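Reading the structure
Single-letter residue listing:
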Amino acid sequence: PIMRTLFANGGQPNLGHGYLFSFNNPQGMCPTCNGLGQMMGMNLELTFDYSKSINEGAIRFGEYKVNSWGWKLLTHSGLFDNDKKLADYTDKEMNDLLHGEPFKVDVGGFKLKYEGVVDQFTRKYIKRDLKTLGERTQKSVEPYITMGPCETCHGARLSPQALASKINGFNIAQFSSMQIDELLAEVSNITQPEVKPLVDMLKIRLQSLIDIGLDYLSLDRVTDTLSGGESQRVKLVKYLNGTLSDVMYIFDEPSV
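The rules behind the values
Counting of residues starts from 1 at the beginning of each chain's written sequence and follows it residue by residue. Residue-level local features of this predicted model are given only where pLDDT is at least 70; pairs of side-chain atoms are given and counted only at 80 or more, and the full residue set underlies all totals for whole chains, interfaces and linings. Hydrogens and water molecules were not included; the side-chain quantities draw on all heavy atoms of the structure. The secondary structure listing takes helices from DSSP runs of H or I that are at least 4 residues long and strands from runs of E that are at least 2 residues long, numbered from the N terminus. Each radius of gyration reported is based on C-alpha atoms, and the globular scaling rule is 2.2 Å times the count of residues to the power 0.38. Accessibility here uses a 1.4 Å probe with only protein chains present; expressed as a share of the type maximum, an area under 20% marks a residue as buried, one over 50% as exposed, and anything in between as partly exposed. As a rule, the C-alpha atoms of each element are fitted with a line to give its axis, helices using only the stretch in contact, and angles between N-to-C directions run from 0 to 180 degrees. Angle categories are assigned with fixed cut-offs, so that under 35 degrees is roughly parallel, over 145 is roughly antiparallel, 65 to 115 is roughly perpendicular, and the rest are oblique. Should the near helix be turned anticlockwise from the far one by less than a right angle, the crossing is termed left-handed; should it be turned clockwise, right-handed. Only heavy atoms matter for contacts: two residues are in contact if any of them lie within 4.5 Å across the pair. For this classification, Asp, Glu, Lys and Arg are treated as charged, while Ala, Val, Leu, Ile, Met, Phe, Trp, Tyr, Cys and Pro are nonpolar and the rest, including Gly, are polar. In summary, the pairing rule links any two rings of Phe, Tyr or Trp, Trp by its six-membered ring, whose centres are within 6.5 Å, and it sorts them by plane angle into stacked for under 30 degrees, edge-to-face for over 60 and tilted for everything else. Salt-bridge detection follows one rule: a side-chain nitrogen of Lys or Arg within 4 Å of a carboxyl oxygen of Asp or Glu. What is meant by a nonpolar core is a set of buried Ala, Val, Leu, Ile, Met, Phe, Trp, Tyr and Cys residues, joined one to another through side-chain atoms within 4.5 Å. The predictor rates its confidence in each residue with pLDDT, a number between 0 and 100. Our working definition of a disulfide is a cysteine sulfur pair at a distance within 2.5 Å.

Structural notes on the overall build of the protein
A tally of regular secondary structure across the protein gives eleven helices and four strands. Taken against the 2.2 N^0.38 rule, which gives 18 Å for 256 residues, the C-alpha radius of gyration of the protein at 25 Å runs more than 25% over that of a compact globule. Along the longest, intermediate and shortest principal axes, the C-alpha atoms of the protein span 85 × 45 × 35 Å. With 256 residues in all, the protein has 38% of them scored as buried.

Comments concerning the packing of helix H1 (residues 2-10) against helix H10 (residues 196-211)
Working note: a packed helix pair is described by the angle between its axes plus the distance between those axes. One way to put it is that H1 packs onto H10 with a least axis distance of 10 Å and a crossing angle of 155 degrees. Classified by the angle their axes make, H1 and H10 are roughly antiparallel. Handedness of the H1/H10 crossing: left-handed. Across from Ile2, Met3, Thr5, Leu6 and Asn9 in H1, the residues of H10 making contact are Leu198, Val199, Met201, Leu202 and Arg205. Residues of the contact of H1 with H10, tallied by class, amount to seven nonpolar, two polar and one charged.

Focus: the packing of aromatic side chains
Here the structure, examined in full by the defined rule, presents eleven aromatic pairs. Judged by centre distance (6.2 Å) and plane angle (85 degrees), the rings of phenylalanine 61 and tyrosine 125 are edge-to-face. With phenylalanine 61 in the loop between helix H2 (44-47) and helix H3 (69-76) and tyrosine 125 in helix H5 (residues 117-126), this pair connects stretches of sequence that are 64 residues apart. For the pair phenylalanine 61 and tyrosine 125, a shared accessibility class is recorded, and that class is buried. Ring geometry for phenylalanine 103 and tyrosine 114: centres 5.4 Å apart, planes at 50 degrees, overall tilted. Linking phenylalanine 103 in strand E2 (residues 103-107) with tyrosine 114 in strand E3 (residues 110-114), this pair joins segments that are eleven residues apart in sequence. Phenylalanine 103 sits in the partly exposed class, given a relative accessible area of 31%.

Quick word on the environment of tyrosine 125
Among the residues examined, tyrosine 125 registers a relative accessible area of 6% and is labelled buried. The spacing of tyrosine 125 and arginine 157 is 32 residues in sequence and 23 Å in space, taken between C-alpha atoms. Leaving out residues up to four positions away in the same chain, tyrosine 125 has contacts with Phe61, Glu63, Leu130, Leu133, Thr137 and Val141.

Here we look at the pattern of salt bridges
Inspection of every chain in the model, using the stated rule, returns nine salt bridges. A salt bridge links arginine 60 to aspartate 49; its shortest N-O distance comes to 3.7 Å. A residue pair is termed long-range when its members are at least 10 positions apart, and arginine 60 in the loop between H2 and H3 and aspartate 49 in the loop between H2 and H3 qualify at eleven residues. Overall, arginine 60 belongs to the partly exposed group, its relative accessible area being 39%. For aspartate 49, a relative accessible area of 15% corresponds to the buried category. Note that lysine 139 is salt-bridged to glutamate 135, the shortest N-O span being 3.4 Å. Of this pair, lysine 139 and glutamate 135 are both found in helix H6 (residues 135-141), four residues apart, which corresponds to roughly one turn of the helix. As far as the burial class goes, lysine 139 and glutamate 135 line up, both exposed.

Overview of the environment of alanine 185
Mapped onto the secondary structure, alanine 185 falls in helix H9 (residues 180-187). C-alpha separation for the pair alanine 185 and glutamine 207, spaced 22 residues apart in sequence, amounts to 10 Å.

Focus: unusual backbone geometry
Unlike most non-glycine residues, histidine 154 shows phi in positive territory, near 55 degrees. Residue position: histidine 154 is located in the loop between strand E4 (145-149) and helix H7 (160-164).

Points about the nonpolar core
For soluble globular proteins, the rule of thumb is that nonpolar side chains tend to be buried together. Judged by nonpolar contacts, the single largest core of 35 residues is most densely connected at Met3, Leu6, Phe21 and Phe175. Filtering out sequence-adjacent residues up to four positions away, leucine 6 remains in contact with Gly11, Ile167, Ile190, Val195, Leu198, Val199 and Leu202. Core analysis: the next-biggest nonpolar cluster, separate from the first, contains 29 residues, Ile54, Phe80, Leu86 and Leu98 among them.

Things to note about the confidence of the model for the protein
Taken as a whole, the protein shows an average pLDDT of 90; of its residues, 98% reach a score of 70 or greater. Within the protein, H9 carries the highest mean pLDDT (96), whereas helix H11 (residues 228-240) carries the lowest (84).

Re the state of the cysteines
Applying the stated criterion across every chain, the model contains zero disulfides. The thiol of cysteine 150 is unpaired, and the distance to the nearest cysteine sulfur, on cysteine 30, comes to 3.8 Å. For cysteine 150, a relative accessible area of 0% translates into the label buried. Not engaged in a disulfide, the cysteine cysteine 153 finds its nearest cysteine sulfur in cysteine 33; these two sulfurs lie 3.8 Å apart.

Quick look at the structure:
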């Protein structure tokens with residue numbers, strides 16, 4: 001929350017509202033993955049054999065096997081050298097293969113619609129309930145579906161508008177991915193007088209995490225990946241920074 005408020009008041013451009021930097025808020029979350037940072041998509045490493053050409057069967061997914069209609073669409077599209085290995089494709093050729101815009105292709109007298117392999121797979125299988133398809137189709141498709149970083153936010157979970165706001169050249173996702181000790185050093189370089197109270201508060205919190213031995217963590221670390229000891233120490237920092245007085249804390253096990 002302190003980091004979000006800091007960017008709302010000190011980021012450039014100044015967006016003015018902390019909720020615009022929260023992936024739990026509709027106005028701050030990435031519109032593509034809804035703030036999850038990950039999306040189901042096609043497993044590219046499993047789908048493509050980059051050491052082969054289209055004519056050699058570089059696309060493993062059954063709908064594009066050699067002599068299939070999908071394969072014929074690719075070979076008749078005029079976009080590719082069908083004997084060129086995928087590893088040698090230019091960026092444009094690879095983009096045409098994965099995300100090519102739809103257009104009509106003449107395949108043996110039939111006008112068929114060409115579409116990038118990934119875009120067609122996403123439309124046919126990712127954006128619909130696989131359970132509505134036949135059991136055989138489900139089994140053939142499921143191995144090629146994987147969870148991966150969102151193509152829009154690249155795992156940052158925030159909207160492009162939030163990620164465009166920066167302080168000293170860093171956006172909030174970049175700050176959050178730094179190790180705590182590195183983050184403290186960068187935060188100390190923020191000198192704008194209007195955000196000094198926020199910076200001072202953030203420095204106290206970060207220093208407490210360092211003092212308790214959590215300097216190697218980052219603020220974007222997912223909670224369920226913390227060990228039991230790490231979770232306890234994170235909670236301890238919260239209470240150490242509290243303003244309550246005359247409070248006794250009882251620890252249920254020895255701790256450094």
